[in-house]
Amino acid sequence: MPINCKLPASFEPVDLDPPVTCCGSLQLSIETTIHVLTAQILGTFVISELPQERRSSEQDLPPNIDAGNLKKRSWKLLFPGIVGGTLVAVYAVATPFLTPALRKICLPFVPATSNQIENVLKMLRCRRGSLVDIGSGDGRIVIAAAKEGFRAVGYELNPWLVWYSRYRAWREGVHDVAKFYISDLWKVSFSQYTNVVIFGVPQMMLQLEKKLQLELEDDARVIACRFPFPHWNPDHVTGEGIDTVWAYDSKTFKGSKKSCPKPMPNVHPIEGFV
């Protein structure tokens, strides 16, 4: 006998109780057919009840929105963020290194070689007291001098290099006697130091020569690396090429100054000669 599949709109599928007394496959087929028809009828009913605007907006949506498309959209938003963050980080790191090039006197950071450090230490033999490295960079000279017993200080404009130098000093165990400061060398007085190390450039050596000549005491020594001072005569020279180091004793370059005539003392006239 054929089965009437016309169902009312309010039909809800129910379990067959008692089960149809026929073979198992036929019972399963009937139940499956009922569930499919019910889902189709209910689905059609729900769609027919929606407003026209709602149905048109849903039909406009792309039918293939899946996790892959969402990931692609997320990457489209994430990629500009990553690029922007990278540019900001590069700017923050590179600016302290590039800023010196924009100054009137450019003093770029060039790490000292092992031969230069060794030659500087040669010039410091048999000397004691405080030491300052003008433009200390990554702190190699200051740390090496601290290991030799000097109370060493480094002045550097680049804050990244100063922080890295402090970390190196802590790692080498000399952070108590090796100090680093962010400062402009032209705003610092070096009168308190007996040993001065400078890795300079030719454009600054003349101006620095005048500054040190006015500030240093007679027992001080100035050690120049890579470029000598223009007017001073070195007391000692060691190394070759870029590793050349010149040592200048303060008593020498102070004594080489042209002596100014001293003012005559007040002379009282002697009676009888007036």
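Residues numbered from 1 in each chain as written. Predicted model: local features only at pLDDT ≥ 70, side-chain atom pairs only at ≥ 80, totals over all residues. Heavy atoms only, no water.

### Regarding the pairing of strand E5 (residues 221-225)
Summarising burial for E5: 5 of the 5 residues are buried, a large majority. Side chains Arg221, Ile223 and Cys225 of E5 all project onto a buried face; the interleaved residues Val222 and Ala224 project onto the opposite face, where all are buried too. Relative to E5, strand E4 (residues 195-199) runs parallel, the two being bridged by 5 bridges. Looking at E5, one finds that Ile198 is bridged to Ala224. Note on the crossover from E4 through helix H7 (residues 202-215) to E5: the handedness is right-handed. Relative to strand E7 (residues 245-249), E5 runs antiparallel, the two sharing 5 bridges. Counted as the bridge partner of Cys225 is Val245 from E7. (Buried < 20%, exposed > 50% of the residue type's maximum accessible area, 1.4 Å probe, protein only. Helix = DSSP H or I, 4+ residues; strand = E, 2+ residues; numbered from the N terminus. Pairing = 2+ DSSP bridges. Right-handed = clockwise from strand over helix to strand, strands pointing away.)

### Some points on the environment of Val237
By the element assignment, Val237 lies in strand E6 (residues 236-238). Sequence spacing of Val237 and Ala224 is 13 residues, and the spatial spacing of their C-alpha atoms is 9.7 Å. Those residues within four positions of Val237 in sequence are excluded, and the remaining contacts are Met123, Thr244, Val245 and Trp246. (Contact = heavy atoms within 4.5 Å.)

### Brief notes about the confidence of the model for the protein chain
Residue-level pLDDT values for the protein chain average 74, and 55% of them are 70 or greater. Low pLDDT (under 50) marks residues 14-28, which in the prediction has 4 contacts with non-local residues, meaning those over four places away or in another chain. (pLDDT = per-residue confidence, 0-100.)

### Side note on H7
Over its 14 residues, H7 runs 20 Å from end to end, which matches the ideal 20 Å to within 8%, given 1.5 Å per residue. Considering only its buried residues, H7 is in contact with strand E1 (130-134), E4, E5 and helix H8 (250-255). (Expected span 1.5 Å × (residues − 1).)

### Notes on the nonpolar core
With 25 residues, the main nonpolar core has Val120, Leu131, Ala178, Phe180, Val197, Ile223 and Cys225 as its most contacted residues. Residue assignment for this core shows that the elements contributing at least two residues are helix H4 (114-123), helix H5 (140-147), helix H6 (159-172), strand E3 (178-182), E4, E5 and E7. In this structure, Tyr155, Ile198, Met205 and Trp246 belong to the second largest nonpolar core, which totals 24 residues. (Core = buried A, V, L, I, M, F, W, Y, C linked by side-chain atoms within 4.5 Å.)

### Concerning the sheet that holds E3
Strand order across the open sheet formed by 7 strands is E3-E2-E1-E4-E5-E7-E6, with mixed pairing between neighbours. Of all strands in the sheet, those with a lone pairing partner are E3 and E6, marking the two edges. Sheet twist, expressed as the average angle between the axes of neighbouring strands with direction ignored, equals 15 degrees. (Axes fitted to C-alpha atoms, helices over the stretch in contact; angles between N-to-C directions.)

### Concerning a nonpolar patch on the surface
On the surface, a cluster of nonpolar side chains totalling about 320 Å² of accessible area is made up of Trp160, Trp163 and Ile182. Looking at the secondary structure, you find Ile182 in strand E3. (Patch = residues over 30% accessible without salt bridge, like charges linked within 9 Å, V, L, I, M, F, W, Y side chains within 5 Å. Areas by Shrake-Rupley, 256 points an atom, 1.4 Å probe, with all protein chains shown as cover. Salt bridge = Lys/Arg side-chain N within 4 Å of Asp/Glu carboxyl O.)

### Topic: unusual backbone geometry
Here the phi dihedral of Cys126 falls at roughly 65 degrees; this positive angle occurs in a residue that is not glycine. Of note, Cys126 is situated in the loop between H4 and E1. Cys126 sits in the exposed class, given a relative accessible area of 84%. Of note in this structure, Arg226 is not a glycine but carries a positive phi near 75 degrees. By the element assignment, Arg226 lies in the loop between E5 and E6. Relative accessible area serves as the criterion here: at 21%, Arg226 is assigned to the partly exposed category.

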